[in-house]
Amino acid sequence: DTEVTQTPKHLVMGMTNKKSLKCEQHMGHRAMYWYKQKAKKPPELMFVYSYEKLSINESVPSRFSPECPNSSLLNLHLHALQPEDSALYLCASSQEGLAVYNEQFFGPGTRLTVL
Amino acid sequence: KNEVEQSPQNLTAQEGEFITINCSYSVGISALHWLQQHPGGGIVSLFMLSSGKKKHGRLIATINIQEKHSSLHITASHPRDSAVYICAVSRSGSARQLTFGSGTQLTVLP
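These lines cover the structure that appears in this document, whether it is placed above or below.

Analysis parameters
- Residue positions are counted from 1 within each chain, in the order its sequence is given.
- Note on labels: chains are lettered from A, ligands numbered from 1, in written order.
- Local features in this predicted model are restricted to residues whose pLDDT is 70 or higher, and side-chain atom pairs enter the listing and the counts only when it is 80 or higher, whereas totals over whole chains, interfaces and linings include all residues.
- Hydrogens and water are ignored here; the side-chain numbers use all heavy atoms of the structure.
- Strands here are runs of E lasting at least two residues and helices are runs of H or I lasting at least four, both read from the DSSP assignment and numbered beginning at the N terminus.
- In this treatment the radius of gyration is a C-alpha quantity, and the globule benchmark scales as 2.2 Å times the residue count to the 0.38 power.
- For each residue, the accessible area found with a 1.4 Å probe, counting protein chains only, is set against the maximum for its type, and the residue is called buried under 20%, exposed over 50%, and partly exposed in between.
- Residue contacts are counted whenever heavy atoms from the two residues lie within 4.5 Å of one another.
- Throughout, the Shrake-Rupley method with a 1.4 Å probe supplies accessible areas, and for residues the shown protein chains are the sole cover considered.
- Charged residues are defined narrowly, with Lys and Arg counted positive, Asp and Glu counted negative, and His plus the chain ends left uncounted.
- Throughout, a charge is located at the NZ atom of Lys, the CZ atom of Arg, the CG atom of Asp or the CD atom of Glu.
- Only when DSSP finds a minimum of two bridges between them are two strands counted as paired.
- With axes taken as lines fitted to C-alpha atoms, and helix axes fitted only over the stretch in contact, angles between N-to-C directions fall between 0 and 180 degrees.
- Accessible area that two parts lose when put together, with a 1.4 Å probe and added across both, is what the buried area reports.
- The working definition used for a salt bridge is a side-chain nitrogen of Lys or Arg within 4 Å of a carboxyl oxygen of Asp or Glu.
- Within 3.5 Å is the distance limit for a polar contact, defined as a pair of N or O atoms, with the added protein rule that one can donate a hydrogen and the other accept it, and that residues adjacent in sequence qualify only through two side-chain atoms.
- Note on terminology: pairs of cysteine sulfur atoms within 2.5 Å are recorded as disulfides.

## A word on the overall build of chain A
A count of helices and strands for chain A gives zero helices and 11 strands. Starting at the N terminus and walking to the C terminus, you meet the elements of chain A as β-β-β-β-β-β-β-β-β-β-β. Over its C-alpha atoms chain A spans a radius of gyration of 14 Å, differing by no more than 12% from the 13 Å that the globule rule assigns to 115 residues. With the C-alpha coordinates of chain A rotated into their principal frame, the extents come out at 45 × 25 × 25 Å. Looking at chain A as a whole, 45% of its 115 residues qualify as buried. Partitioning the intrachain contacts of chain A with sequence separation of at least 6 by distance along the chain shows that 54% fall at a separation of at least 24. In the form shown here, chain A has an accessible surface area of approximately 5,800 Å², with 52% of it arising from carbon and sulfur atoms. Taking the average location of the 12 positive side-chain charges in chain A and that of its 11 negative ones, the two points are 9 Å from each other.

Here you go:
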């Protein structure tokens, strides 16, 4: 299985809602990533988990809360979002270990609209 | 100046044409990635390379480490190749963090 899956594909939420994005991979990858992508822009890294521990947080506002319950799953909990948070949220995974470079495998993304 | 520069930003070609997209970078890298993104979504990794040349079907990627330059070539282009092509680099010492170029929007007309 060489696929990263993300659910839901689309999400519309109000500014007072709480929702979660889910990402799953079964490639045995131990690094998992969340990216945010606005229209016609490249992805921006949000978080990186390595061996289920948060290793990089790119100064993301606390209304975004990541969670890595096990090596295959990555969640992004959303609360009190703003309309400017509307974007495509991409999950990715890669191997970890001694390799100095690791190919990242991306999921199809969740398109989030905040009303 | 961006650390990863791509050219052209937009490219329109006729079906069957040979296409080249260029990427230059100004930082030390451990690898360079070429990614493809179709409208509406997910990103597909086409190539990861640190030297030389790789080929997959009609796609060829080359890198010149001394000149800090990479090219992505598409032979016998087809309308289904229409997508955004993104160059990204893994910096030396920070392999997990990709630095992205701004992307090249390719449209192949039938």
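## Things to note about unusual backbone geometry
Cis geometry marks the peptide bond from A:Thr7 to A:Pro8; its omega dihedral reads -10°. Relative to the helices and strands, A:Pro8 resides in the loop between β1 (4-7) and β2 (10-13). In this structure, B:Pro8 follows B:Ser7 across a cis peptide bond, with omega equal to -5°. Non-glycine residue A:Tyr51 carries a positive phi angle of around 50°. In this fold, A:Tyr51 is placed in the loop between β5 (44-50) and β6 (53-57). In this model, A:Ser59 sits at a positive phi of 55°, which is unusual for a non-glycine residue. Among the structural elements, A:Ser59 can be located in the loop between β6 and β7 (64-70). Look at A:Ser59 and you get exposed, because its relative accessible area is 70%.

## Details of the sheet that holds strand β3 (residues 18-25) of chain A
All names here are of chain A. Reading across the sheet, the four strands line up as β1-β3-β8-β7 and stay open at both edges, with antiparallel pairing between neighbours. Since the sheet does not close on itself, it has two edges, and those belong to β1 and β7, each with one partner. The sheet shows a mean angle of 20° between the axes of neighbouring strands, direction not considered. Relative to β3, β1 runs antiparallel, the two being bridged by four bridges. When the sheet's bridge partners are listed, Val4 is paired in β3 with Gln25.

## Looking at the interface of chain B and chain A
At the interface, 20 residues of chain B touch 24 residues of chain A. Summing both sides of the interface, chain B and chain A together bury roughly 1,700 Å²; the carbon and sulfur share of this comes to 57%. Of all residues in chain B, B:Ile43, B:Arg96 and B:Phe100 give up the largest surface area on contact with chain A, accounting jointly for 36% of the area buried on that side. Scanning the region where chain B abuts chain A turns up zero salt bridges. The tally of links between chain B and chain A comes to four residue pairs in polar contact (both at pLDDT 80 or more). Listing elements by their share of the side of chain B that touches chain A, those giving two or more residues are β4 (29-37), β5 (43-49) and β10 (98-100) of chain B.

## Description of the state of the cysteines
Residue and element names in this part refer to chain A. This model, assessed by the stated rule, comprises two disulfides over all chains. Linked covalently through their sulfurs, Cys23 and Cys91 form a disulfide whose S-S length is 1.8 Å. Every disulfide takes its handedness from the sign of the S-S torsion; for Cys23 and Cys91 that torsion is -70°, giving left-handed. With a gap of 68 residues between them, Cys23 in strand β3 and Cys91 in strand β9 (residues 87-94) connect regions that are remote in the sequence. The same class applies to Cys23 as to Cys91, namely buried.

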